[in-house]
Amino acid sequence: LAKTTQPISMDSYEGQEVNITCSHNNIATNDYITWYQQFPSQGPRFIIQGYKTKVTNEVASLFIPADRKSSTLSLPRVSLSDTAVYYCLVGDPDKLIFGTGTRLQVFP
Amino acid sequence: DAGITQSPRYKITETGRQVTLMCHQTWSHSYMFWYRQDLGHGLRLIYYSAAADITDKGEVPDGYVVSRSKTENFPLTLESATRSQTSVYFCASRGGTEAFFGQGTRLTVV
């Protein structure tokens, strides 16, 4: 099971782009990279998933370099409502193991 | 209503009592999961299930029992509750890429 490492916390201001990097040095060939968002007192919510290169949806972009040993979640023009904990998951989708996550605080 | 629901939302129980947390999903998703989240920490997987009658241990299964006789239900039982099991419990289901989580059950063991 690939272990992930993320920054514990990040601060940003409204309107800025936020990039959260996740390190997963021992990612397996079949592993996908998935990000979830969790607001206080709520269950996590799926943001995006990718295998390689770049994936974009209406919420975020996910950048994965060729060696796949890291990935970057990019949130364009964050707002106060993006204040949450962001989790990077790598490995067996049957188990959905969460790490400690990155606590993003967005200031006005 | 379609979705995943947990009950009860809040529960206070005494040490040593048995308590069951319920989880119901309406999508017929194959996979279901139980997590606990202690205050200020991440989610830890307790048990998961790939299909009806198939369950497996997660990261922290001790003190918990699950069953899955029907696809839509995945109850979690604390056989003899301890104070260390005070936590917020989340249930989730997954049919494809995305997992959907319930609102959580806040359990306090006194």
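This text follows the structure it describes.
Notes on the structure in this doc start here. Bear in mind that the values here come from a model prediction, so they are computed numbers and not experimental data. (Residues numbered from 1 in each chain as written. Chains lettered and ligands numbered in written order. Predicted model: local features only at pLDDT ≥ 70, side-chain atom pairs only at ≥ 80, totals over all residues. Heavy atoms only, no water.)

1. Focus: the pairing of strand S3 (residues 32-38) of chain A
Residue and element names in this part refer to chain A. To keep things clear, this is the line we draw: Residue exposure (1.4 Å probe, protein chains only): buried if accessible area is under 20% of the type maximum, exposed if over 50%, otherwise partly exposed. Numbering goes from the N terminus for both helices and strands, where a helix is a DSSP run of H or I of at least four residues and a strand is a run of E of at least two. A pair of strands counts as paired when DSSP detects no fewer than two bridges linking them.
For S3, the tally of buried residues reaches 6 of 7 residues, placing the bulk of the element in the interior. Here S3 runs beside strand S8 (residues 84-91); their pairing, made up of 7 bridges, is antiparallel. Across the sheet, tyrosine 36 pairs through a bridge with tyrosine 87, a residue of S8. With 5 bridges connecting them, S3 and strand S4 (residues 45-50) associate as antiparallel partners. Note that in S4 the partner of glutamine 37 across the bridge is arginine 45.

2. Topic: the state of the cysteines
The bond known as a disulfide is covalent and runs between the sulfur atoms of two cysteines. Convention followed: The disulfide definition used here is simple: a pair of cysteine sulfur atoms within 2.5 Å.
Under the definition given, this model contains 2 disulfides over all chains. Across the disulfide, cysteine 22 of chain A is cross-linked to cysteine 88 of chain A (sulfur-sulfur distance 2.2 Å). Between cysteine 22 of chain A and cysteine 88 of chain A the sulfur-sulfur dihedral comes to about -80°; the bridge is accordingly left-handed. With cysteine 22 of chain A in strand S2 (residues 18-23) and cysteine 88 of chain A in strand S8, the pair connects residues that are 66 residues apart, well separated along the chain. Given a relative accessible area of 0%, cysteine 22 of chain A falls into the buried group. Among the residues examined, cysteine 88 of chain A registers a relative accessible area of 0% and is labelled buried. There is a disulfide in this structure between cysteine 23 of chain B and cysteine 91 of chain B, and the S-S distance comes to 1.8 Å. Residues cysteine 23 of chain B and cysteine 91 of chain B are joined by a disulfide whose S-S torsion is about -75°; by sign, that bridge is left-handed. With cysteine 23 of chain B in strand S3 (residues 19-25) and cysteine 91 of chain B in strand S9 (residues 87-94), this residue pair connects regions lying 68 residues apart in the sequence.

3. Quick notes on the interface of chain A and chain B
Here is the rule: Any pair of residues with heavy atoms lying within 4.5 Å of one another is described as a contacting pair. A simple way to read buried area is as the amount of 1.4 Å-probe accessible surface that goes missing from two parts once joined, with both sides added. Any carboxyl oxygen of Asp or Glu that lies within 4 Å of a side-chain nitrogen of Lys or Arg is treated as forming a salt bridge with it. We define a polar contact as two N or O atoms separated by no more than 3.5 Å, with the added condition that, inside protein, one atom must be a possible hydrogen donor and the other a possible acceptor, whereas residues neighbouring each other in sequence contribute only through side-chain atom pairs. The nonpolar class holds Ala, Val, Leu, Ile, Met, Phe, Trp, Tyr, Cys and Pro. Asp, Glu, Lys and Arg form the charged class, and all remaining residues, Gly among them, are polar.
Contacts between chain A and chain B engage 17 residues on the former and 20 residues on the latter. Taking both partners together, chain A and chain B bury about 1,500 Å²; carbon and sulfur atoms supply 54% of that area. Inspection of the chain A/chain B interface yields 1 salt bridge. Two residues, arginine 94 of chain B and aspartate 94 of chain A, come together in a salt bridge whose shortest N-O distance is 3.4 Å. Our enumeration of links across chain A and chain B arrives at 6 residue pairs in polar contact (both at pLDDT 80 or more). Elements that contribute at least two residues to the side of chain A that touches chain B include exactly S3 and S4 of chain A. Along the lines of polarity and charge, the residues of the side of chain A that touches chain B split into 8 nonpolar, 6 polar and 3 charged.

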